[in-house]
Amino acid sequence: MRSQRTADTPFAARIDSSTPLAASHLVVSSLVLPSAMTASAAPTTSPSPSSSSPSSSSSSSSSFTFTSSTLSRRPYSAFRMNCPILIVISLGCILHASLLWSGVAAAISNRGTNTRPMSTSQTSSMSGPQPRFLSRGHTYRAVVGDTLLLPCQVENLGNFVLLWRRGSNVLTASNIMVTRDERIRLIDGYNLEISDLEPQDAGDYVCQISDKINRDQVHTVEILVPPSVRAIPTSGQLQARKGGPITLECKGSGNPVPSIYWTKKSGAGKSTARIGDGPILTLEKLERQQAGVYQCTADNGVGEPVTVDMRLDVLYPPDIQVEKSWIHSGEGFEAKLVCIVYADPVATVSWYQNSFPIQTTDRRIMATRGNRHTLTIRHIQQEDFGNYSCVAENSLGRSRKYMELSGRPGPAEFYSPKWGRSSDSYNLTWKIDSYPPLEEVRLLYRRVLMNDTFQQPGRWHDFILTPEHRPASEPLTHIMSYTIKNLHPGAYYEAIVQAKNRYGWNEVSDIFQFIVASNTMDIPPEDAEVVASSKSRSNSAAIGSTHFAPHAHSRTIAWSALFTIAASCLLQRRLRQRESSLNVG
């Protein structure tokens, strides 16, 4: 019988009204039930012969019971147009959701708190003002050697004891110093001061109230250490052979960990740009130019960067460079032959003339200054002309370079401008050094046909010139000029010069190119560029003044397009009206 009553009881009545969820269901039932009953009673009000019987009365009363089975049997059409019922149901759902959310929020709030539920005795014992931190935990960064102050300010401390601890070690208890470290003391109440900071002072410092909750405040201390760096090996001296690899290494320390980079010192002792980053610098296939002092720098932003120098010696056989491979002089004069020798280990240098070793005499003097080796020949005689060589040798190899001491004229050097002033001729000027007088000078020139893709030289035109007689008291430099005529306007030409004295012909000069002026513009192209740029500016100004025409054309096109669109829209509207009139008819 009990289960039978449970099944027939309306579902709204079976909900426990002590909960927020039950309350919301009751509200919904009370609001919805009358309408539902009215809607369900309509089809059962027709009179019947048995309506006055008790069974009929029982059946009628049961038809007004709003159970879940009854709700499921009602057709959807009974509620489709009843807007008040839908509004009431919506309000009931909103009320139910708000009550449910309030319960969930309360549960989350109770779960997220850090304090444990207090018993009745605890609550009664803490009914007075509770201790509260006025300061806040913080992360402090301090440089080693500095003094650091950690705040701990509390109100309503009462009879509670305030502790400072670091890990499990208690530093202070109330005003009593527990630690034996003399660098630590209390300042202005319970503020903790640490002087002469050391790297091992880093860590968490806790200011704690000794109540049953054990409230605490944590300060994190980070000790900044300036960078330091050392070379590996500590001597800072390294050697390697030419062509091989070498590794330079240094180690830096500090907090934060420093960044390390490498530079190489120049001859003036100043560092050049960075050549590497990181504690290791590797050089592959060493050349002699890579020898020198390398500097390792460590920097972490704390204090100034620190450096350490490392010297690299590259061992290699002698490498010789000559100052001049051809030396011009004359009888009775003096000449200097210079060899610059690079070698590590240091090389020994010897001088030779025509493969015969030279011994020091009063006329032939050999001198060394650094890596510069000089052979000076005084009061030159004819037998002093010829081929010379310097030979350098060390434990890794041997090297030789050749030079020539000659009485022949030096090569010609041109002084004429590249662009000519005349349209059919060009004045060519050059100089030649010769101790003896020049006997003959040869001038050759040719036209060159060229464009952007090729050059086609013509045949050489050869002229033999006789220099004017020059007294021996005049300088050795001979300056000559010659005007070449019957040239093509605006054409490109090339010229070379060769001279002869009593010792023979000199080497042919380098090719000199020149351009003949054109008929239309007898000015150098530098001036022509200025004129051309002025004309270009004038033309651009003239073009800019006519820019209104394209804008006017664009406006005309825009108005035409707008008119076309408007006409199209009007036509479509007329077509729709006509179609509507036809349908009505």
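Residues numbered from 1 in each chain as written. Predicted model: local features only at pLDDT ≥ 70, side-chain atom pairs only at ≥ 80, totals over all residues. Heavy atoms only, no water.

Chemist: Tell me about the overall build of the chain, and name the residues and values.
Modeler: Within the chain, the secondary structure is distributed over nine helices and 35 strands. Per-residue burial over the chain gives 30% buried out of 585 residues. Sequence-distant contacts in the chain: of pairs separated by 6 or more residues, those separated by 24 or more amount to 63%. Summed over all atoms, the accessible surface of the chain reaches about 37200 Å², with 54% contributed by carbon and sulfur. (Helix = DSSP H or I, 4+ residues; strand = E, 2+ residues; numbered from the N terminus. Buried < 20%, exposed > 50% of the residue type's maximum accessible area, 1.4 Å probe, protein only. Contact = heavy atoms within 4.5 Å. Areas by Shrake-Rupley, 256 points an atom, 1.4 Å probe, with all protein chains shown as cover.)

Chemist: Describe the pairing of strand E8 (residues 184–187), with residues and values.
Modeler: As paired elements, E8 and strand E9 (residues 191–194) share four bridges and run antiparallel to each other. Paired with Ile184 across the bridge in E9 is Ile194. (Pairing = 2+ DSSP bridges.)

Chemist: Explain the confidence of the model for the chain to me, and be specific about the residues and the numbers.
Modeler: When pLDDT is averaged across the chain, the result is 76; 67% of the residues are at 70 or more. Confidence drops under a pLDDT of 50 for residues 1–88, and excluding neighbours within four residues, the segment shows 48 contacts in the predicted structure. Overall, residues 104–126 carries pLDDT values under 50, and its contacts beyond four positions in sequence, including any with other chains, amount to seven contacts. (pLDDT = per-residue confidence, 0-100.)

Chemist: Explain the sheet that holds strand E3 (residues 148–150) to me, and be specific about the residues and the numbers.
Modeler: Here we have three strands laid out as an open sheet, ordered E3-E9-E8, and antiparallel in their pairing. In this open sheet, the two edge strands, each paired with only one partner strand, are E3 and E8. Taken pair by pair, the neighbouring strands of this sheet meet at an average axis angle of 30°, ignoring direction. (Axes fitted to C-alpha atoms, helices over the stretch in contact; angles between N-to-C directions.)

Chemist: Lay out the sheet that holds strand E22 (residues 356–357) with the relevant residues and their values.
Modeler: Read from one edge of the open sheet, five strands run E19-E26-E25-E21-E22, paired in mixed fashion. Edge positions in the open sheet fall to strand E19 (326–328) and E22, since each of these has one partner strand only.

Chemist: Can you break down the side chain of Asn394 residue by residue, with the values?
Modeler: Structurally, Asn394 can be placed in strand E25 (residues 386–394). With relative accessibility at 12%, the residue Asn394 sits in the buried group. Of note is the side chain of Asn394, whose polar atom sits 3.0 Å from the backbone nitrogen of Leu396. Excluding residues that lie within four positions of it along the chain, Asn394 makes contacts with Tyr316, Pro317, Pro318, Ala343, Asp344, Pro345, Val346 and Ala347. (Polar contact = N/O pair within 3.5 Å; in protein donor to acceptor, adjacent residues only side chain to side chain.)

Chemist: Tell me about the pattern of salt bridges, and please be specific about residues and values.
Modeler: Going through the model one piece at a time under the given rule, you end up with 20 salt bridges. Asp211 serves as the salt-bridge partner of Arg215, at 2.5 Å between the closest nitrogen and oxygen. Here Asp384 makes a salt bridge to Arg363, at a shortest N to O gap of 2.9 Å. With a gap of 21 residues between them, Asp384 in the loop between strand E24 (372–377) and E25 and Arg363 in the loop between E22 and strand E23 (364–369) connect regions that are remote in the sequence. Taken as a pair, Asp384 and Arg363 share a single burial class, namely buried. Taken together, the salt bridges that share partners define one network made up of Asp181, Arg183 and Asp201. (Salt bridge = Lys/Arg side-chain N within 4 Å of Asp/Glu carboxyl O.)

Chemist: Could you give an account of the environment of Ser406, with specific residues and numbers?
Modeler: Tracing the backbone shows Ser406 in strand E26 (residues 397–406). In sequence terms Ser406 and Gln382 are 24 residues apart; their C-alpha atoms lie 9.4 Å from each other. Ignoring sequence-local partners within four residues, the contact set of Ser406 consists of Trp326, Ile327, His328, Ser329 and Phe385.

Chemist: Before we move on, can you summarise the environment of Asn354 with the specific residues and values?
Modeler: The topology assignment puts Asn354 in the loop between strand E21 (348–353) and E22. Exposure remark for Asn354: the relative accessible area of 40% places this residue in the partly exposed category. In sequence terms Asn354 and Gly386 are 32 residues apart; their C-alpha atoms lie 7.0 Å from each other. Sequence-distant contacts of Asn354, that is, excluding residues within four places in its chain, are made with Gly386 and Asn387.

Chemist: Before we move on, could you go through the pairing of E23 and cite the residues and values that matter?
Modeler: Bridge count between E23 and E24: six bridges; the pairing is antiparallel. Its bridge partner being in E24, Arg369 is matched across the sheet by Arg372. From the end of E23 to the start of E24, which pair antiparallel, there are two residues, and Gly370 there has a positive phi angle of about 70°.

Chemist: I'd like a description of the state of the cysteines, backed by residues and values.
Modeler: Throughout this description, disulfide means a covalent bond between two cysteine sulfur atoms. Scanning all chains against the criterion turns up three disulfides. Disulfide pairing places Cys339 opposite Cys390 at an S-S distance of 1.9 Å. Residues Cys339 and Cys390 share a disulfide whose torsion about the S-S bond is about -95°; that sign makes it left-handed. In this pair, Cys339 sits in strand E20 (residues 335–344) while Cys390 sits in strand E25, placing the two residues 51 residues apart along the sequence. Residue class for Cys339 comes out buried when judged on its relative accessible area of 0%. By relative accessible area, Cys390 is classed as buried at 0%. The connectivity of the disulfide-linked cysteines in the chain, indexed sequentially, is 1-2, 3-4, 5-6. (Disulfide = S-S within 2.5 Å.)

Chemist: Which residues make up the nonpolar core, and what are the values?
Modeler: The biggest cluster of nonpolar side chains holds 22 residues, and the ones touching the most others in it are Leu428, Trp430, Val441, Leu487, Val497 and Phe514. Excluding its chain neighbours within four sequence positions, the residues that come into contact with Trp430 are Ala412, Glu413, Phe414, Tyr415, Val441, Leu465, His478, Ile479, Met480, Ser481, Tyr482 and Val497. (Core = buried A, V, L, I, M, F, W, Y, C linked by side-chain atoms within 4.5 Å.)

Chemist: Tell me about the packing of aromatic side chains, residues and numbers included.
Modeler: Each pair of aromatic rings is reported with the distance of its centres and the angle of its planes. In the structure shown here, the tally under the stated rule is nine aromatic pairs. Considering the side-chain rings of Tyr426 and Phe514, the 4.0 Å spacing of their centres and the 15° angle between planes classify their relative orientation as stacked. A residue pair is termed long-range when its members are at least 10 positions apart, and Tyr426 in strand E28 (residues 426–433) and Phe514 in strand E35 (residues 512–515) qualify at 88 residues. Joined through ring pairs, the aromatic side chains of Phe414, Tyr426, Tyr445, Phe463, Tyr482, Tyr493, Phe512 and Phe514 make up one cluster. Seen from the ring of Tyr261, Arg274 lies directly overhead, with NZ or CZ sitting 3.9 Å from the centre. In this structure, Arg400 is placed above the aromatic ring of Tyr352, and the distance from its NZ or CZ to the ring centre is 5.1 Å. (Phe/Tyr/Trp six-rings, centres within 6.5 Å; stacked < 30°, edge-to-face > 60°. Lys NZ or Arg CZ within 6 Å of the ring centre and 35° of its normal.)

Chemist: Break down the side chain of Ser389 for me, citing the residues and quoting the values.
Modeler: Note that Ser389 resides in strand E25. At 3.0 Å, the side chain of Ser389 and the side chain of Arg400 are in polar contact. Once residues within four sequence positions are removed from consideration, Ser389 is found in contact with Ser350, Trp351, Tyr352, Arg400, Lys401 and Tyr402.

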